[in-house]
Each structure stands twice: as C-alpha cells, then as structure tokens.
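Residue-level listing of the chains:
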Amino acid sequence: MNGQRSQIRSLWVESGVAWVALIALLALNMALAFLPLNGLNVAANLFVAFVMAAISGLFLMGLRGDSALVRLVAIGSLFWLVVMFALTFTDYFTRPV
Amino acid sequence: MSGFELLPQQASTQAPQTDLLYLFLVFVSAAIVILIVLLMLVFSIRYRRGSAAPRPELRMLTTREFEIGWTAGALFLALFIFGWTGSVRLSMLAAPENAIEIHVQGKQWMWKIQHPNGIREINALHVPVNEPVRLIMTSEDVIHSFFVPAFRIKEDVVPGLYTQTWFKATETGSQHLFCTQFCGTQHSRMIGEIVVMNHDDYARWLREQPQPGDLAAEGASLFKALGCSGCHIGNSAIRAPSLAGIYGRLVHLSDGRTVTMDDAFIRDCILEPRKNVPAGYDPKMPSFKGEVSDGEILRLTAYIRSLKSTGPSG
Amino acid sequence: MTDAAIGQGMPKAAEEPRSYLDTESFVSWLTTTDHKRIAVLYAITVTFFFLVGSGAMALIRYELTSPQGNILSDEAYNRLFTLHGVVMVWFFLIPSIPAIFGNFLLPLMIGARDVAFPRLNLASWYLNFIGGLFVLYALLAGGVDTGWTFYTPLSTMFANGNVIAAAVGIFITGFSSIATGINFIATVHLLRTEGMTWFRLPLFVWAMYAVSLVFILATPVLAITLVLIMAERLFGLPVFDPANGGDPLLFQHLFWFYSHPAVYIMILPAMGVVSEVITCFARRQVFGYTFMVFSLVAIAIIGFFVWGHHMFVSGMSSYAGVVFSLISFVVAVPSAIKVFNWTATLYRGQISFESPMLYALGFVGLFTVGGLTGLFLAAIPVDVHVHDTYFIIAHFHYIMVGGSVSALYAALHFWWPKVTGKLYPENWARFAAILMFFGFNFTFFPQFLVGYLGMPRRYHVYPPEFQTLQVMSSTGASVLALAYALPIVYLTWTLFNRDWKAPDNPWGATGLEWQTSSPPPKENFRALPAVHSAPYHYHETGEAPDPRAQDEAEQ
Amino acid sequence: MSSATLSQEHADSDLPPSEPWSNIAEETEAASFGMWLFLGTEVLFFGGLFLSYTIARFLYPQDFLEAARHTDIYLGATNTIVLLTSSLTMVVAVRGADLGARRLVWICLAATAALGALFLTIKGFEYWEDIREHLVPGRGFAVQGFGATLFFSLYWIMTSVHAVHLTVGVILIARLAWLMRSEPLRLPDLPVYGLYWHFVDTVWIFLFPLLYLAGRA
C-alpha cells in the first residue's frame, strides 16, 4: 500500500504542475488583455489560449501517450475547422465594402 | 409559344455568351454519356455470361495506364472548362461606366423600381434597347432574387446588402422577371416584366410618366428635415466631414481601413455610424436605424451623389 | 464453383444456427443491440418516411399539371415542398443506405460480431425516430413553409409555420447520423477480422467509412446552425438578422458547409452498393481497386471545399465564387474515375442481368448524367442562369433519385435474400427496374429543358408556356411511382410466403456476408472467418465463373 | 453484472467485456477512440459558433469590442479558475483508477461534479446580473450599435451552449461518482468521461479571452 501512496503523491504532483501552468497562463492572458498592444491583443490572447489548450490536450487528455490514430482524429478535426474558416473568409475578405 | 424551344430568347449581350458555354457543355456531356452507354452496351453484349468471346487476363500495367490516363484527361477537361467559364464570368462582372442606374427593391411580394430621374414602377421595368443598365438592389424583408431568363442574369436581392447586376438588352419586347429565391407565401406571384423599348418609344414613355421630382431633390429636403445639414455643412459648429464631391472617392477610416464612398457605404454610415468613423473625426453621429426607410436612404444617397465639390447649398 | 461447393468450405454444423430474426417478443426488438435488427428497425422507419415524402411529391406533381395554381393554395404548396425536402433529405435519403444496409452489412463484411458500440447504435435509431416525430408534429401543427434550406431571415423573422419543431427534429436526427458515423469509423478501425487488411476491404465498406467521415465532420455544423436559427426565432438573439446587423450570407455559408457534403452522404453509399453489385454480376474483379478507394475518400474530403457553388448569385464576393468554381470542377474528377472504372469492370466479364445488376447499370447511366450536369452548375455564367430553376431540380434528382434511390433498390434486391432469407420473383423485379429507369428519365429530363427555359423552382403558378414540359414530367412521375411501389409489394409478399426460401449465397458472391447463413445467426458467424484474399475474386482468366470467397484460402 | 463479486478490486481483471469485444483493454481503447471521434464532431459544432463570432467581429470591429467590455471579467476569471481546478480533480480521478485508489477516485469525481456545479452557480449569478443590466438584445437593450447586439447575442448563445455541455457533464459525473463507490475501478467508460470533461474545459479556455478579455486594452 505504501507504493500506492507514493504513486498517488506523484500523480498529484504531475497533474498539479499542469494545473499551476494553466493558472499562470490564465493570469498572463488577463495581463496581456489590458496592455495596449495596438490591436494585437486578440492574437496574443488566442496564442496563450492555444498553449493552454495544448497543455490540456497533451497532459490532461493524454494525447501525449495516445496512439497515432487518436492524434490523427484531433488534428483532422482542427484541419476541417481551418478549412471552414479559410473558405468562408475568401468571401468576406474580397467582398466590396 | 410552343413548349418545344430548347433555348429561351436571347435578348441581352450576356445571353449568347452564356448559351455558347451551355451548348459546349451539352456537347461535351452528350459525348461522354454516349461513350459510356455505348461501352456498357457493347461489353454487356459481347461479354454476356456464356458468350464465346475470349477473356485473357488484363495486365496490371495496362490498368494503371488507363487509370492515370482518364484521371489526367478528366482533370484537364475540368480545368479547361473552369478557365473558360471563369474568365467569361470575370469579364462580365463590371457594368460599363455609362450604364443607366436603376434601383431595385424587393419586398414580399413585389418589385419596386426607381429610375434615376425619380420615376417609380412596380413589377415592371422599362428600359431602352442597346443601352447598358446597372441594377443596384436591396430588399426590405427577406432574400429575393432578380431573374430575367431572356437576359441570362440573376442576382439575389438581400436585406442589409447592396447587390448589383447589369444587362444590355438587344431585343425590344417584353420579358419575364421572376423572383427565384423562395420568399414566402406568394413567392410564385412575385413576378414582373421587363419592357425593352427602342429609343423613341422609351423617350415617349419617359415623357408620359408623372414627374415626381427627381430623387436627388427629394434627398436634399430629407437632408435638411433629418438634421443632417446641421453638422455636415462646411461651417457648422459640430465638426463632421463635408460630403461635397465625396461620392466615389476613397475615405480613410480611424481604424486604418480605406473604403470607397459608395451606396453601400453611405447606407452603413447612416445606420451604423460608429462602425465607420472617418480618420480625424469623433464618433459623434447618432444612428438613424429605424428612423429612415430604405427608400429614404436611396434618396439621400442620390443627393450626396449629386453634390459637386462646391458643397451643399442652403 | 457452385453454391453448394462454397457451402462446404463453411463451418456448417448439423443443427441449423438460430437466425437473428427468430423473435422472442416485440420488446426484444425495441431493446435490441443487434446491428441486423437495428437495420430492420431503420428499414421500417425509412420506408414510412419515404411514403410520407412521396405522398407530398404526388400532390406537388398533380398541382404542377396546371399553370394557374388552382388546385392547392399558395400556403399548402409551400408546405408540401418543404415537407417533401425535409423528409426526403433527412429521414429518407441520408439514413437509407448507411443506416439500413451499412448497419446490416458492415460487421458482416469485415467479419465482426457487431458494430463497435451496439447500444449507441440503438440510440441512433431512437434519435432518428424521435426527430421524425418532431417533424411530423411540425407538419400536422401548421406545417413549415421555408423550404428545406431554412434561409434566413425568412425562416427566423418572417415565416409563420412551425419552424422550431422542424428544426428540433432535424437537430435530433443529426445526432443519429453522428452516432452512426462514430460507430462505423470505430468498427472499421478496430473490428476487422484476421487478414482483413485495409486494401482487402470491400468497396461498400470503404464507402461507409468515407460517408462516416462526412457524418461526423459536417453534421455538427448543421446542428449549430439550427441552434442559431432557434435562438434567433425563439429568443430574439440575432446572429443572421440583417435588421440587427447580422449577415444572412453567413447562414448560407454554415448551411452549405453541411448541406453540400450531405449530397455526398447520399451518393457515396450508392457508389459502394453499385461496386458490389457490378463486380458480382460481371464476375469480375473491380477495375482499379485502389483508384476506386482513393476516389471515394477524395470525394468525401474535397466535397467539403466546394459549398460556395450554391452561392454564386447570393451576393457572395465574385472572387470567392471563382475559387469555389475551381474546386467544384476538381471534385468532378474522382466521380469521373468511378464511372470509367465501373464501365471497365464489365470488360472481359461474364455478365448476367439479374435485377440488382439492372438497377446498378441504370445507376451508372443516371449518375453520369447527374454528375455531368453538375459541371454546368460549377460553370458560373451558366449557373447564374440556371440557379434556382428546374435545371437544378433535375440535376440533383438525377444524383439523389436516379443515383441513390436506384442504388437503394439495387441493394434491396441484392441483399434481400441475405436479410430476410427469401428470394423474390425475378421477372417482376427486372420489369420494375426497367420501368424505373424509363419512368425516371421521363420525369426528370423535361425538367432540364424547362429549367433552362427559365422556370424557377418553388413556383406553383407559372407562365403557360412551361405547361407542356411540366405535364410530361408529372406523367413520368406516375410511372415512376408505380416502379417504386411494385417492389415494395412483391418483396413484402415474399415475407409471408414459405416457397421463396433463399440459399446462403444465391449470387455466388465472394464477400464474407455471403459465407454465413441466410438470414445470418445472431452472432453473425459461428466462428469468425479469417480472410485470405482481396475482395471480388471472381475470375482471373477463366472462361467460366470461378469465384473464390474472401475467407477461402488459395489452393 | 453481479456487483457482489465485482466490489472487490481484485476482481477487475475478471470484468467481462461487453459485446463485441473480446477483452476489457480493447473495449477501453475503443471507448476512448469513439469519444475522440465525438470530440472531433464537437470541435466543428463549436467551430460554427466561433466562425459566427469572428465574422461579427470582422464586420463591426469597434462596437463589438466596446460591447465586450460590459461582461463581468471577475466572475469570468473566477469561473475559469474553477473549471481548471475541476480539470485537475478529473485527471487525478481517471489516473487514480489505474492505481486502484478507490476512495481517491470517487472523491475526486465528486469534487469535479461539485466544481462544475459551482461554475454553473456562478454563471447563473452572472446571467442574473447581465439581465439586470439589460444586456439581453431586444427591447431595452442597454448598448448601442449592431456590433453590440451581435456580441451579446453570441455571448448568450455561446455561454449557454457551453453551460448545457457542462450540465450534462455534471450530471453524468455525479452519477459516476456515486457508482464508483462500488463499481469495478477499471470501468472502460471512465477515461471517456475524463476526455469529455477536459474538452468542455478547453472550450471555455477559448471562450474566456473571446468574451471577457476582448476590448479591454
């Protein structure tokens, strides 16, 4: 049972590191939102959000250790999302104002 | 008219171009369908079960060559048709400079037409033959679509958006106008006619219409009545951009965008002034959303267009 | 090799295996997790909705025989074509081949005992059924008059009908599609039997795999679009409403992001069916198997990039239109490859002409016409003229009815012995197939002509010069209705007649589904088969048909 | 399943897989794969909302951002912390099951459900405030401009769609926590719940900057 206890402790430590990183990034994101970045705020905010999502995906959802198949599903859905945005914006970017 | 004509009347400059493409596609399609059907028939008969035809093994390599061959052939054909149709489309996009400008408003379930001199029609449009006509269209309620089969033109008429199309009629006579975007209960009754007249008849028709005072003049009185003139005149107390001679020019906005001052932009400025603040000005103008109708916006736009660089008078 | 000889290769015990049809009780059907029974449940509901949609169509065609629009009121007509579209798209065509034949055959073809998530599979049927009830309620409680496309702002701010109930129904049934898609993908990835490598999968399985990709990637976008419609209509939270600054074209982008791929949901399964049938009756390995596989997947993927060709005249930027036009031309290529390959499969075959084969050959012809007229719609100047006219109606009915429904009937006749253990009167079936081909062309070819002449769709009052062609079309429709009804009658009849018992493999086909009994036992195979060869091992050089089943080892 | 034999943790390896799987490891893998496919679906489901958001913001850049300042950043940030913490308890619950720590698993699951419920409570309070401040588009809407209307339309739709997802998660996980007091620990569904929960949190990770941080600079 002692072995189990130390395993549980290292589980808390490992997961806790991810949690601390997420909270820190949240704080960073809030700070970035208030800085006068000349309209780049949204880019900075979204970049930090992507990093947070990556931590969540890789460490919490276990993509790090998952099969190539599962990773393909994750990447595939993001690819389709990009297609949806890109082709819709071919319209909005070229519309006469 | 009998029901057995295969093409509608060609009554605009676009019509023969569209029909040429159409007939080319019909030809290509027919050739392919005949080829496929013929092959299927021949194989079905020759290789019917139990027939004496020899059936030696197909070599793998032959299969590959065939596959690559018809993939490449289909791709080439597709790209060729795209190149042709795409360039026809782009060349037909812009209306000629000297086109007559007609405003079209769709409304459940009628077409409201306004000529540049203010003459209004409902469910009918009179135009001269051999002159380009540009249609600037918007809708008061739902999406409609302006379709004249004889001209081979169609464009949706969208609320909150100005869409455009144009035509140059080549035949006199009356043509169908259909709404082709389903717009509610009486969609199939939202029809009208385009009457194409020769120049003399058109001039006579114009003379016979009651003269409602032209759009720009109506716009000028609205411009005062709505209080626009309080700010948009050069020497007023509140600093607002002068509108003199501005139509068709480029405007720099405070968020760094540059836009052309056109009908859609003027409409936007009236309804949503805070979205488009010109560089160097404060966002002070109130929104006129709900206070002006689409018809009034048309008149205001006509007025602004009529302003020369001297500035609005009185 | 004859049927009997194939039978010897099977582990056939002395006692007859219990069939999945041997029923304990009615409740056991409603709580079943057996993919074969779920397929039968789907078959019942899909047939019901087919009849509902056809009934609406009959009234529409009757109304269109007269140009004055004096048989039905404006409202009634609008509600009928909306009903026809909604029911036929979401409750007939989309579930038809995947949910009936996909469910039944996919595990059998790959040598599995069931799909990966049997309970989810049952849930998908209930979702489809409940969604259908909502739509029927919408129909009875006032109807919907927006067209199946639900364009805003008509659907949100102006239409009087029961848009919410219909949208809820479609939303719910969307999740049934998603559940089916997830199930099929997981099943193909994880449950293939020993030796069933990816490139030994029958093309029907590949088609199901491709269509599942579309199910799971396109359907959610429809779902969220319907949520936005409901929010706008029910709670006054505008997103598309131009009176509040929304952009109605955004709705069209989202809607067609789903609905164009949805066309491929309807045609990809049909392609899979036809590949099975043609190879079997031509006694021939499919021509260019790998090209067939890649073109299926290519259609599923590129099909996502072309939705803008529904919007050439919508007010969308003309430059975006050119981009979408280019991609739309490109997606024609894999479809062309398939047509050429089916034709070439006949070459040097041993062709016989049983009814499934007649339906399949009819499919190839009608699909070719439908596909080629698609080029007209990708060509912008032509599309500007024919958009929203009867030309479009004719085009997509050639794909969905001439294509998908022909293939559905091919599948029905091909696998009827396997599903029910019954044969059917072959000559009646051949007659129905031929009648359908001619009835179909008689109905829909005139619509190409009347469309190019300029008759808009969704008109029930129309200029009299279009009447001749409309009457022709309505006449053809009654022939077509007969051709659709006939098989339903004689197939149902065989169910109640003891004389039509089918052998396990009546066509001498090579797929694994034919190597088990007809109808299959509950557990599909007494022992899971191992696969030793590529599919469609009919004959290589032989002068006589010499099929080798997939689970038969090479001599 | 007879719970009498399975209440002992050592009986886990004897847990019979359900049809059509031949062993529990395969079934677990398949369940996770199925959930990943569903999450792929969800990406496009929320993608439609994010696209609508992007277009509205693109059409009315100024109004849109000004309206965004009316959201309550403190409650939003608190809720983000609550959700991130629930992610922590969730991941400990899922991995704890592999270690055979039953108490840890069900307590962490209960904590996850409780944190989810806390999020919903805070969100409900925030909604109540929003309504009091007339931030609902329609009659009496407090903010001017098309962009503002669209922003708040999307604010309400996006947050409530997210809240519905979260509610489903809270109910399922609360039920699971209850079951986990006696069910076999190596339940093939357990990682599936974890994936769903983390995904819903990840959606919020994007909603927070878009709805609460926009326009603050």
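Calculation notes
- Residues numbered from 1 in each chain as written.
- Chains lettered and ligands numbered in written order.
- Predicted model: local features only at pLDDT ≥ 70, side-chain atom pairs only at ≥ 80, totals over all residues.
- Heavy atoms only, no water.
- Contact = heavy atoms within 4.5 Å.
- Buried area = accessible area lost by both parts, 1.4 Å probe.
- Salt bridge = Lys/Arg side-chain N within 4 Å of Asp/Glu carboxyl O.
- Polar contact = N/O pair within 3.5 Å; in protein donor to acceptor, adjacent residues only side chain to side chain.
- Helix = DSSP H or I, 4+ residues; strand = E, 2+ residues; numbered from the N terminus.
- Nonpolar A, V, L, I, M, F, W, Y, C, P; charged D, E, K, R; others polar.
- Pairing = 2+ DSSP bridges.
- Axes fitted to C-alpha atoms, helices over the stretch in contact; angles between N-to-C directions.
- Buried < 20%, exposed > 50% of the residue type's maximum accessible area, 1.4 Å probe, protein only.
- Phe/Tyr/Trp six-rings, centres within 6.5 Å; stacked < 30°, edge-to-face > 60°.
- Parallel < 35°, antiparallel > 145°, perpendicular 65-115°, else oblique.
- Left-handed = near helix turned anticlockwise from the far one by under 90°.

Caption draft 1: Geometry of the interface of chain D and chain B. Listed by partner, the interface residues are 10 residues for chain D and 8 residues for chain B. Interface area for chain D against chain B, summed over the two sides, is near 800 Å², with a carbon-plus-sulfur share of 47%. For the interface between chain D and chain B, the tally reads 0 salt bridges. Counting across the chain D and chain B interface gives 0 residue pairs in polar contact (both at pLDDT 80 or more). Of all elements in the fold, only α3 (61-68) and α6 (146-179) of chain D reach the threshold of two or more residues within the side of chain D that touches chain B. The element best represented in the side of chain D that touches chain B is α3(D), accounting for 4 residues. Split by residue class, the side of chain D that touches chain B holds 4 nonpolar, 4 polar and 2 charged.

Caption draft 2: Geometry of the sheet that holds strand β7 (residues 153-157) of chain B. Residue and element names in this part refer to chain B. The strand order β4-β10-β9-β6-β7 describes an open sheet built from 5 strands, whose pairing is mixed. Two strands close off the open sheet at either side, each with one partner strand: β4 (124-128) and β7. Pairwise comparison of adjacent strand axes, ignoring direction, gives a mean angle of 20° for this sheet. The pairing of β4 with strand β10 (residues 191-197) spans 5 bridges and is classified as parallel. Bridge pairing in β10 links Ala124 to Glu193. Its contacts with the sheet put helix α3 (residues 199-208) on β4 and β10, and the angle it makes with β4 is roughly 130°.

Caption draft 3: Looking closely at the sheet that holds strand β5 (residues 132-139) of chain B. Residue and element names in this part refer to chain B. Judged by pairing direction, the sheet is mixed, and its 5 strands sit side by side in the order β3-β2-β1-β5-β8 without closing on themselves. Since the sheet does not close on itself, it has two edges, and those belong to β3 (120-122) and β8 (163-168), each with one partner. The average undirected angle you get between the axes of adjacent strands in this sheet is 25°. Where strand β1 (residues 100-107) and strand β2 (residues 110-114) come together, 5 bridges link them in antiparallel fashion. Within β2, the position partnered with Val104 by the bridge is Ile113.

Caption draft 4: Up close: the pairing of β2(B). Residue and element names in this part refer to chain B. The hairpin formed by β1 and β2 contains 2 residues between the paired strands. Where β2 and β3 come together, 3 bridges link them in antiparallel fashion. Within β3, the residue paired with Lys112 across the bridge is Ile122. If you look at the hairpin formed by β2 and β3, you'll find 5 residues sitting between the two strands, and Gly118 has a positive phi there, around 95°.

Caption draft 5: Quick look at the environment of Phe125(D). All names here are of chain D. With respect to the secondary-structure elements, Phe125 resides in helix α5 (residues 102-132). Its relative accessible area of 42% is what places Phe125 among the partly exposed residues. C-alpha of Phe125 to C-alpha of Phe146: the two residues are 21 residues apart in sequence and 26 Å apart in space.

Caption draft 6: Structural view of the interface of chain B and chain C. On the chain C side, the residues contacting the 81 residues of chain B number 91 residues. Approximately 7,600 Å² of surface area, both sides summed, lies buried where chain B meets chain C, with 69% of it carried by carbon and sulfur atoms. The largest contributions to the chain B side of the interface with chain C come from Arg49(B), Arg55(B) and Phe182(B), which together make up 11% of the buried area. For the interface between chain B and chain C, the tally reads 1 salt bridge. Between Arg189(B) and Asp74(C) there is a salt bridge; the shortest N-O distance is 2.9 Å. The tally of links between chain B and chain C comes to 19 residue pairs in polar contact (both at pLDDT 80 or more).

Caption draft 7: Examining the packing of aromatic side chains more closely. Residues and elements named next belong to chain C. If you walk through the whole model with that rule in mind, you get 90 aromatic pairs over all chains. The interplanar angle of 80° and the centroid separation of 6.4 Å between the aromatic rings of Trp342 and Phe367 together place this pair among those described as edge-to-face. Of this pair, Trp342 sits in helix α11 (residues 318-346) while Phe367 sits in helix α12 (residues 355-378); the two residues are 25 residues apart in sequence, bridging distant segments of the chain. Exposure class is identical for Trp342 and Phe367. Each is buried.

Caption draft 8: Local environment of the pairing of β10(B). All names here are of chain B. Burial of β10 is extensive: 5 of the 7 residues sit out of reach of the surface. Inspection of the sheet shows strand β9 (residues 173-179) paired to β10 by 6 bridges, in the antiparallel sense. Residue His176 lies in a different strand from β10, and its bridge partner there is Glu193.

Caption draft 9: Geometry of the side chain of His126(B). All names here are of chain B. Its location among the elements puts His126 in strand β4. There is a polar contact of 3.5 Å between the side chain of His126 and the side chain of Trp205. With residues near it in sequence (within four places) discarded, His126 still touches His115, Glu121, Val195, Met197, Tyr202 and Trp205.

Caption draft 10: Local environment of the pattern of salt bridges. Evaluated as defined, the whole model comprises 13 salt bridges over all chains. For Glu140(B), the salt bridge is made with Lys112(B), and the minimal N-O distance between the two is 3.1 Å. Placement of Glu140(B) in the loop between β5 and β6 (144-148) and of Lys112(B) in strand β2 is noted, with a sequence separation of 28 residues between them. Taking the relative accessible area as the measure of exposure, Lys112(B) reaches 25% and is therefore partly exposed. In this structure, the salt-bridge partner of Arg204(B) is Asp201(B), at a minimum N-O distance of 3.2 Å. Placement of both Arg204(B) and Asp201(B) in helix α3 is noted, with a separation of 3 residues, approximately one turn of the helix. Take Arg204(B): its relative accessible area is 40%, and that puts it in the partly exposed class. If you follow the salt bridges from partner to partner, you end up with Asp91(A), Arg95(A) and Asp247(C) in one network.

Caption draft 11: Representation of the packing of helix α8 (residues 203-235) of chain C against helix α2 (residues 24-59) of chain D within the structure. In contact at an axis separation of 8 Å, α8(C) and α2(D) are set at 40° when each is read in the N-to-C sense. Taken together, the axes of α8(C) and α2(D) are oblique relative to one another. Along this stretch, α8(C) crosses α2(D), giving a crossing that reads as right-handed. Residues Ile216(C), Leu217(C), Pro220(C), Val221(C), Ala223(C), Ile224(C), Val227(C) and Leu228(C) of α8(C) pack against Leu37(D), Thr41(D), Leu44(D), Phe45(D), Gly48(D), Leu49(D) and Ser52(D) of α2(D). Its residues placed into classes, the contact of α8(C) with α2(D) shows 12 nonpolar, 3 polar and no charged.

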